[in-house]
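# Working through the structure, step by step
The lines below spell out each chain.
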Amino acid sequence: IMGLGFKDLSMGEGFNIVDDLQTRANIPGSGQFSFYVTDGQDSEVTFGGYRSERLASDIVWAPVKVESWWQVAIDDITFNNMPKGLCNGQCQ
């Protein structure tokens, strides 16, 4: 299990790879990580940013609302590209 959560959820020192990269490895952008998941090729995780050649669309950055669970706010939920009006600004 690779710890990608916030430090407060870690079992102790050495259980959070993102925190370890920031404090020990001196990698530029080490606070960022990205996933490339596919059915047809090997999937990957990238530390220190993202690989632009893997992007299927522009990146949309969202502020984290609760730093423990990677919880973010969302405007709405859509099905078949049709907004459903379920959130009214309250979904997280």
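Here, the structure is the one placed above.
The paragraphs below set out a description of the structure included in this document.

Criteria and thresholds
Residues numbered from 1 in each chain as written. Predicted model: local features only at pLDDT ≥ 70, side-chain atom pairs only at ≥ 80, totals over all residues. Heavy atoms only, no water. Phe/Tyr/Trp six-rings, centres within 6.5 Å; stacked < 30°, edge-to-face > 60°. Helix = DSSP H or I, 4+ residues; strand = E, 2+ residues; numbered from the N terminus. Buried < 20%, exposed > 50% of the residue type's maximum accessible area, 1.4 Å probe, protein only. Lys NZ or Arg CZ within 6 Å of the ring centre and 35° of its normal. Disulfide = S-S within 2.5 Å.

All right, on to the packing of aromatic side chains then. Applying the stated criterion to the full structure yields three aromatic pairs. Taking the centre distance of 5.7 Å and the plane angle of 90 degrees together, the rings of Phe 33 and Trp 70 count as edge-to-face. With a gap of 37 residues between them, Phe 33 in strand β1 (residues 33-36) and Trp 70 in the loop between β3 (64-66) and β4 (71-72) connect regions that are remote in the sequence. By relative accessible area, Phe 33 is classed as partly exposed at 22%. Among the aromatic side chains, those forming a connected cluster through ring pairs are Phe 33, Phe 35 and Trp 70. Arg 54 extends its terminal NZ or CZ atom over the ring of Tyr 36, reaching a point 4.2 Å from the ring centre.

Inspection of the entire model under this criterion finds one disulfide. Note that Cys 87 is cross-linked by a disulfide to Cys 91, the S-S spacing being 2.0 Å. Taking the torsion about the S-S bond as the criterion, the Cys 87 to Cys 91 disulfide, at about -95 degrees, is left-handed. Each member of the pair Cys 87 and Cys 91 is classed as buried.

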